[in-house]
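# Inside the fold
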Amino acid sequence: MEKNKHQLAIIVASVRDGRFGPVVASWVAEQAGTHGGFDVGVVDLAEVDVPLELPAASPKSAGDDYPRPAGMAALTSALQDADAFIVVTPEYNHSYPASLKAAIDWHFTQWTAKPVAFVSYGGAAGGRHAVLHLENVLTELHAVTIREGLAFPNYFTAWQDGRPLDPGAPGRTKMMLDQLAWWAVALRAARHAAPYPA
């Protein structure tokens, strides 16, 4: 990682057959790469073993001794190393996918005192209900959610050839990335200056 850049993990939340998430994540990763403030990595939950059954102890109390499956090691490492996150999520029944909830619940300190932005897609609401729920959950884990995000209503007609048709999307994406980078700088400096009191 370049010294002046921060590690950004773009998380593809959906594991559904025929999902659109990788298309959105690929475009967002391209925008983030052009932005210049981040080293960008994409974490696709469809490629990770994320069981729904959790150990008895919480990841907060167990810390580094939390017994995660071996197939989750790459996910845990990506979350731990990240200075910032973008969650790319659809909306299923007015919320976000179970795959994402399971991935969140298997971790705790990996999210703490780090910024998270959201890119959602769906029908008329554009995935906004999913984002509202995620903001509540990630606040509980002491993450910092970013005000600016992207929502793509009726994505099935709003994208063509892997790109959004809305000409304002790149500008809104830059604003989101600018805010995410600001928080990444501030929070990494704070984490290095003193342990977060969680």
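One can find the structure itself at the top, above this paragraph.
Position numbers for residues count from 1 along each chain, tracking the sequence in the order it is written. The model is predicted, so local features are restricted to residues of pLDDT at least 70 and side-chain atom pairs to those at 80 or more, both for listing and for counting; the totals for chains, interfaces and linings are taken over all residues. Side-chain figures throughout are based on the complete set of non-hydrogen atoms in the structure, without hydrogens or water.

Looking now at the overall build of the protein. Under the scheme used here, helices are H or I runs from DSSP no shorter than 4 residues and strands are E runs no shorter than 2 residues, and both carry numbers assigned from the N terminus. The helix and strand tally for the protein stands at seven helices and eight strands. Counting only C-alpha atoms and orienting by the principal axes, one finds that the protein spans roughly 45 × 40 × 25 Å. Here, two residues are considered to be in contact whenever any of their heavy atoms come within 4.5 Å of each other. Of all intrachain contacts in the protein linking residues separated by at least 6 positions in sequence, the fraction that spans at least 24 positions is 83%. Shrake-Rupley sampling with a 1.4 Å probe provides the accessible areas, and residues are treated as covered by the protein chains on show and by no other component. Summed over all atoms, the accessible surface of the protein reaches about 9700 Å², with 53% contributed by carbon and sulfur.

This next bit is on the packing of aromatic side chains. In summary, the pairing rule links any two rings of Phe, Tyr or Trp, Trp by its six-membered ring, whose centres are within 6.5 Å, and it sorts them by plane angle into stacked for under 30 degrees, edge-to-face for over 60 and tilted for everything else. Summed over the entire model, instances satisfying the criterion amount to 11 aromatic pairs. Ring centres 5.2 Å apart and planes at 65° place the aromatic pair Tyr 155 and Phe 156 in the edge-to-face group. Per-residue accessibility, obtained with a 1.4 Å probe over protein chains only, is compared with the maximum for each type, and a residue is labelled buried under 20%, exposed over 50%, and partly exposed between these values. The class for Phe 156 is exposed, based on a relative accessible area of 55%. In our convention, an over-ring charge means Lys NZ or Arg CZ found within 6 Å of a ring centre and within 35 degrees of that ring's normal. Just above the ring of Tyr 92 sits the side chain of Arg 16; from NZ or CZ to the centre is 4.0 Å.

Pairing of strand 1 (residues 6–12) with strand 2 (residues 38–44) involves seven bridges; the strand directions are parallel. Bridge assignment links Ile 10 to a residue of strand 2, and that residue is Val 42. For the handedness criterion, the strands are oriented away from the viewer, and a crossover whose path from the first strand over the helix to the second runs clockwise is classed as right-handed. For the crossover from strand 1 across helix 1 (residues 21–35) to strand 2, the handedness is right-handed. Strand pairing is defined by DSSP finding a minimum of two bridges between the two strands.

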